[in-house]
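Below, each chain spelled out in residue letters.
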Amino acid sequence: MPPSHRSKEVGEVLAAVVRLSRSLANPRSTLFGSTVLTRTQMDVLFLLAHAQGAPTPGQLAARLHVTPGAITQIVDQLRERDLVERFASDQDGRLRLVRLTGSARSQVEAFESAVVERAAPWFETLTDDALTDLAGLLAQVKGS
C-alpha cells in the first residue's frame, strides 16, 4: 500500500528537522569551556534556561523521559560543576526545585545567541509572519 499524503508530509518534516539538527550539532562549540557535558546534561540546562519558574527534579524527569533517579544523578553532577542549584520551595518546604546558577544562565544565553545568529540564514526565505507560524506549528508538535 503506498504511503498516504500525510505520511509523506510527516517524512518531509522529519527530514528537514534532521538536516537542521545535524547543522546545529556540526560546529561543536563548547558551552562551558573545557567542561564536557552529556547530551542529557545539556538538555537539563536548556530546559532550566527556558522554564517558567524553577521545576522540580520530577518535572525535569518527565519532560526528558528519564527516571527521577537519573535526573537526581544529573542534577548532582551539574551542582558539582556549579551550573545548577537546588533549593526548597517557598510554598512547600518539602519540595526541592532546580535552577541555573547566575554564571551558568549567562553562559547558556550567550551560547544560544551564537547558535541563533549562526542559524538565522537558514530562515532568510521566510517572512516574519511565516517564521512566527512555523514556531507556533512546531510548538504544537507533541513528543512521545
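Report follows, based on the coordinates. (Residues numbered from 1 in each chain as written. Predicted model: local features only at pLDDT ≥ 70, side-chain atom pairs only at ≥ 80, totals over all residues. Heavy atoms only, no water.)

**Quick look at the pattern of salt bridges**
Between side chains of opposite charge, a pair can form when the charged atoms approach closely.
And then number 1: Scanning the entire structure with this criterion turns up 5 salt bridges.
And then number 2: Measuring nitrogen to oxygen at the nearest pair gives 2.6 Å for the salt bridge that ties R99 to E85. Here R99 is found in strand β2 (residues 96-100), whereas its partner E85 is found in strand β1 (residues 84-88), with 14 residues between them in sequence.
And then number 3: On the accessibility criterion, R99 (36% relative accessible area) is partly exposed.
And then number 4: Across the pair D92 and R94 runs a salt bridge, and its minimum N-O distance is 3.0 Å.
And then number 5: If you follow the salt bridges from partner to partner, you end up with D76, R79 and R86 in one network. (Salt bridge = Lys/Arg side-chain N within 4 Å of Asp/Glu carboxyl O. Helix = DSSP H or I, 4+ residues; strand = E, 2+ residues; numbered from the N terminus. Buried < 20%, exposed > 50% of the residue type's maximum accessible area, 1.4 Å probe, protein only.)

**Quick notes on a nonpolar patch on the surface**
And then number 1: On the surface, L20, L24 and W122 cluster together to form a nonpolar patch covering roughly 230 Å² of accessible area.
And then number 2: With respect to the helices and strands, the residue L20 is situated in helix α1 (residues 5-25).
And then number 3: Exposure remark for L20: the relative accessible area of 32% places this residue in the partly exposed category. (Patch = residues over 30% accessible without salt bridge, like charges linked within 9 Å, V, L, I, M, F, W, Y side chains within 5 Å. Areas by Shrake-Rupley, 256 points an atom, 1.4 Å probe, with all protein chains shown as cover.)

**A look at unusual backbone geometry**
And then number 1: The phi torsion at H65 lies on the positive side, around 60°, for a residue other than glycine.
And then number 2: Relative to the elements of secondary structure, H65 occurs in the loop between α3 (57-64) and α4 (68-80).
And then number 3: Looking at H65, the relative accessible area reads 58%, which means it is exposed.
And then number 4: One non-glycine residue with positive phi stands out, namely D82, at about 60°.

**Comments concerning α3**
The α-helix winds at 3.6 residues per turn, so residues separated by three or four positions along the chain end up facing the same way.
And then number 1: Listed in full, the buried residues belonging to α3 are P57, L60, A61 and L64. Mapping the buried residues of α3 onto a view down its axis gives an arc of 100°, with all of them on the same face. α3 presents A62 and R63 as exposed residues on the side facing more than 90 degrees away from its buried surface.
And then number 2: Considering only its buried residues, α3 is in contact with α2 (39-50), α4 and β2. (Arc of directions from axis to C-beta. Contact = heavy atoms within 4.5 Å.)

**Considerations on the packing of aromatic side chains**
Centre distance and the angle of the planes are the two values used to describe a pair of aromatic rings.
And then number 1: Evaluation of the coordinates by the stated rule reveals 1 aromatic pair.
And then number 2: Between F46 and F111, the aromatic rings sit 5.9 Å apart at their centres with planes inclined by 45°, giving tilted as the arrangement. Of the two residues, F46 sits in helix α2 while F111 sits in helix α5 (residues 102-119), which places them 65 residues apart along the sequence. Here the two residues F46 and F111 agree in accessibility, since each one is buried.
And then number 3: Over the face of the ring belonging to F87 we find R99, whose NZ or CZ atom lies 3.8 Å from the ring centre. (Phe/Tyr/Trp six-rings, centres within 6.5 Å; stacked < 30°, edge-to-face > 60°. Lys NZ or Arg CZ within 6 Å of the ring centre and 35° of its normal.)

**Section: the packing of α2 against α3**
And then number 1: At a closest axis distance of 11 Å, the pairing of α2 and α3 adopts a crossing angle of 115°. For α2 against α3, the interelement crossing comes out right-handed. For the pair α2 and α3, the contacting residues are T40, D43, V44, L47 and L48 in the first and L60, R63 and L64 in the second.
And then number 2: Looking at the contact of α2 with α3, its residues break down into 5 nonpolar, 1 polar and 2 charged. (Axes fitted to C-alpha atoms, helices over the stretch in contact; angles between N-to-C directions. Left-handed = near helix turned anticlockwise from the far one by under 90°. Nonpolar A, V, L, I, M, F, W, Y, C, P; charged D, E, K, R; others polar.)

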